[in-house]
Amino acid sequence: LETDPQAGAAVKAADRAHVFHSWSAQDLIDPLAVAGAQGSYFWDYDGNRYLDFTSGLVYTNIGYQHPKVVAAIQEQAAKLTTFAPAFAIEARSEAARLIAERTPGDLDKIFFTNAGADAVEHAVRMARVHTGRTKVLSAYRSYHGGTQQAVNLTGDPRRWASDSAAAGVVHFWAPFLYRTRFYAETEEQETARALEHLETTIVFEGPATIAALILETIPGTAGIMVPPPGYLPGVRELCDKYGIVLILDEVMAGFGRTGEWFAADLFGVVPDLMTFAKGVNSGYVPLGGVAISGAIAETFAKRPYPGGLTYSGHPLACAAAVATIGVMAEEGVVENAKRLGADVVGPALRELAERHPSVGEVRGTGMFWALELVRNKETREPLVPYNAAGEANAPMAAFAAAAKKNGLWPFVNMNRTHVVPPCNVTEEELKEGFAALDAALSVADEHTVE
Ligand code: PLP
């Protein structure tokens, strides 16, 4: 690796002087200056290389700088860099066709947005106009984006600063057996009681007031809680029974992450609307969207849809999506995630959990895994308290620092680390990552108690 500490220092200095970073106290962060990236790795200006077990923010599903996608973006830039959304443009038409071919059921119309949050905003708007109702149900332990409606749907502390009754959101508990809200001892109990809780919520809120129910098919940032069999089909039934639009948010879980094109395919459930972003083009150019069912598309067949964006279906982003989907199909990226997830990641993480007292639970599928870190396996007390910061978060900070020292960039959220490498990661790269994770977990172990 070439080093250029001076260039790195200049990048860092301008960042610190002028870049205002997301979700952060600006003086308390220390962003790494990144010189480059390729495949599953990135590196700084000082000669340190990191294996990226985060896929950026869980979006580089085909890794960094895939040559075919970079070339497709360059070709599109040379041909037609941009064009307004009201026109039919080759890259946009083709991206919509390729996405609609893969989305479940009759989700055959695609509304393009710039990212995940605005996809969620538009899905909710479509549901409200379609039903004539306003409220939206969403789960605690969820993330749906940083814009006003999306952050109000979110069920984590990022909502609190923007909490607004005007958003019309009612939160409920989805199943999570390891930290059950339902005193359940089995998955069957957890499923039945979570569905009973959801139906009671609907009945007491008044079904005629509820436009939509939004769920991450598998909650991502909140902890990769794979729903037990029967839960999502049960939710689908309740939505049908009460005339509620079911929105599945696949911004993180979609496009290969779970070892399927879409996580909904794991459960055989077809939503009315499905949001996507991130993996659709591995985030090479910002793109998101909503896949729309026949019935909701029909609502806007003769009456205008009240929404739009200047860059809806931007040609550069759509060309990147066409190339990414092509690469994923040609190179078997979805199959790779499924096979290595089942044969390599699951077994390796379970083996680490056996040896490390700090690992309370391992859960996931495909290239979508979480380790729940605890102070004590019996009591399941989290390694750090909910929403811990500063000194209270020191054990997780020490874990992350140890991983980085060993060349692994870990995804860390509250008391969890997620193993979410690119979906085209190799077995050798995974093994290298698990060795570093092993060393970092030994540091977490020091913070466990008898
Ligand atoms: N929905 C889910 C499930 C997400 O994970 C995210 C981002 O992490 C979003 C929505 C928001 O997407 P974006 O950050 O592209 O606006």
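Thresholds applied
Residue positions are counted from 1 within each chain, in the order its sequence is given. The predicted nature of this model means local features are confined to residues of pLDDT at least 70 and side-chain atom pairs, given and counted, to a pLDDT of 80 or more, with totals for whole chains, interfaces and linings taken over all residues. If DSSP finds at least two bridges between two strands, the strands pair. Working definition: helices are DSSP H or I runs of at least four residues, strands are E runs of at least two. Numbering for both runs from the N terminus. The axes used here are C-alpha line fits, helices contributing only the stretch in contact, and every angle between their N-to-C directions lies in the interval 0 to 180 degrees. Contact between residues is assigned whenever the C-beta positions, reconstructed from backbone atoms, fall within 7 Å. Think of it this way: take the backbone, place a C-beta atom on it, and check whether that atom is within 6 Å of the molecule or strand, in which case the residue is near it. Any residue that is not Ala, Val, Leu, Ile, Met, Phe, Trp, Tyr, Cys, Pro, Asp, Glu, Lys or Arg is counted as polar, Gly included; the first ten are nonpolar and the last four charged. Helices are assigned an expected span. That span is 1.5 Å times one less than the residue count. Buried means a residue has 20 or more other C-beta atoms within 10 Å of its own C-beta, exposed means 12 or fewer, and partly exposed covers the counts in between; C-beta atoms are placed from the backbone. Residue ranges for the domains trace back to a domain assignment, done automatically or taken from a database. Residues enter a nonpolar core if they are buried, belong to Ala, Val, Leu, Ile, Met, Phe, Trp, Tyr or Cys, and are joined to the set through C-beta atoms within 7 Å. pLDDT gives the predictor's per-residue confidence on a scale running from 0 to 100.

> What exactly am I supposed to notice about the sheet that holds strand 12 (residues 368-373) here?
Two orientations exist for strands paired in a sheet by backbone hydrogen bonds: parallel and antiparallel. Strand order in this open sheet of 4 strands is 11-12-15-14, and the pairing throughout is antiparallel. Looking at which strands have only one partner, the edges of the open sheet turn out to be strand 11 (359-365) and strand 14 (411-413). Averaged over all pairs of adjacent strands, the angle between their axes in this sheet comes to 20 degrees, without regard to strand direction. In terms of strand pairing, strand 14 meets strand 15 (residues 416-419) through 3 bridges, oriented antiparallel. Bridge pairing in strand 15 places Val412 opposite Thr417. Along the sheet, helix 12 (residues 333-355) makes contact with strand 11, strand 12 and strand 15, crossing strand 11 at roughly 175 degrees.

> Looking at this structure, how should I read the sheet that holds strand 13 (residues 408-409)?
Across the sheet, 4 strands lie side by side as 1-2-3-13; this open sheet has mixed pairing. With partners counted over all chains shown, the strands left at the sheet margins are strand 1 (34-38) and strand 13, one partner each. By the bridge criterion, 4 bridges tie strand 1 to strand 2 (residues 41-44) in an arrangement that is antiparallel. Each bridged residue has a counterpart across the sheet, and for Gln38 the counterpart in strand 2 is Tyr41.

> Help me understand the site of the ligand in this model?
Close to the ligand lie 16 residues, the nearest being Ala115, Gly116, Ala117, Gly145 and Val251. Among the elements that line the shell around the ligand, the one with the most residues is helix 5 (residues 116-131), at 3 residues. Each residue belonging to the shell around the ligand can be placed in one class, and the counts come to 8 nonpolar, 6 polar and 2 charged.

> What's the story with helix 5 in this structure? I'm lost.
Three- or four-residue spacings in an α-helix give side chains the same orientation, since the helix completes a turn every 3.6 residues. The terminal C-alpha atoms of helix 5 lie 23 Å apart, and with 16 residues this matches the ideal 22 Å at 1.5 Å per residue to within 8%. The buried fraction of helix 5 amounts to 12 of the 16 residues, a majority that puts the element mostly inside the structure. Among the residues making up helix 5, those that are buried are Gly116, Ala117, Asp118, Ala119, Val120, Glu121, His122, Ala123, Val124, Met126, Ala127 and His130.

> Just checking my understanding: could you explain unusual backbone geometry for this structure?
Comment: phi is negative for the bulk of residues other than glycine, and the bulk of peptide bonds are trans. Of note in this structure, Trp23 is not a glycine but carries a positive phi near 55 degrees. Looking at the secondary structure, you find Trp23 in the loop between helix 1 (5-18) and strand 1. Positive phi, normally seen in glycine, also occurs at Val58, with a value near 60 degrees. Locating Val58 in the fold gives a position in helix 2 (residues 55-58).

> In this structure, what is going on with the pairing of strand 4 (residues 109-113)? I would like to understand it.
Looking along a regular strand, one sees side chains alternate from face to face of the sheet. Within strand 4, 4 of the 5 residues are buried, which leaves it mostly tucked inside the rest of the structure. Direction of pairing for strand 4 relative to strand 10 (residues 288-292): antiparallel, over a ladder of 5 bridges. Bridge pairing in strand 10 places Phe112 opposite Gly289.

> Help me understand the domain arrangement of the protein in this model?
In many analyses, interface size is given as the accessible surface area lost on bringing the parts together. Each assigned domain of the protein is listed with its residue range as follows: domain 1 (5-62 + 332-445) and domain 2 (67-330). Here the C-alpha centroids of domain 1 and domain 2 sit 25 Å apart. At the level of secondary structure, the elements contributing two or more residues to the side of domain 1 that touches domain 2 comprise helix 2, helix 12, strand 11, strand 12 and strand 15. By residue number, the principal contributor to the side of domain 1 that touches domain 2 is helix 12, which donates 5 residues. Classifying every residue of the side of domain 1 that touches domain 2 gives 12 nonpolar, 10 polar and 5 charged.

> Explanation requested: the environment of Leu266 in the structure shown.
With respect to the helices and strands, the residue Leu266 is situated in helix 9 (residues 264-267). Its 20 C-beta neighbours within 10 Å are what place Leu266 among the buried residues. With 37 residues separating them along the chain, Leu266 and Pro229 place their C-alpha atoms 9.5 Å apart.

> For this particular structure, what's the right way to read the nonpolar core?
Proteins that are soluble and globular tend to have nonpolar side chains buried together. Counting 126 residues, the largest nonpolar core has Ala212, Leu213, Ile247 and Leu273 as its most contacted members. In terms of domain composition, this core takes at least three residues from each of domain 1 (5-62 + 332-445) and domain 2 (67-330). For Leu273, the residues in contact, after removing those within four places along its chain, are Ala123, Met126, Ala127, Val245, Ile247, Val290, Ala291, Ile292, Ser293 and Ile296.

> Is there a simple way to explain the confidence of the model for the protein in this structure?
Low pLDDT means the predicted atomic positions in that stretch should not be read closely. Confidence along the protein averages 98 in pLDDT terms, with 100% of residues attaining 70 or more. Across the interfaces of the predicted complex, the ipTM metric reaches 0.99, alongside a pTM of 0.98.

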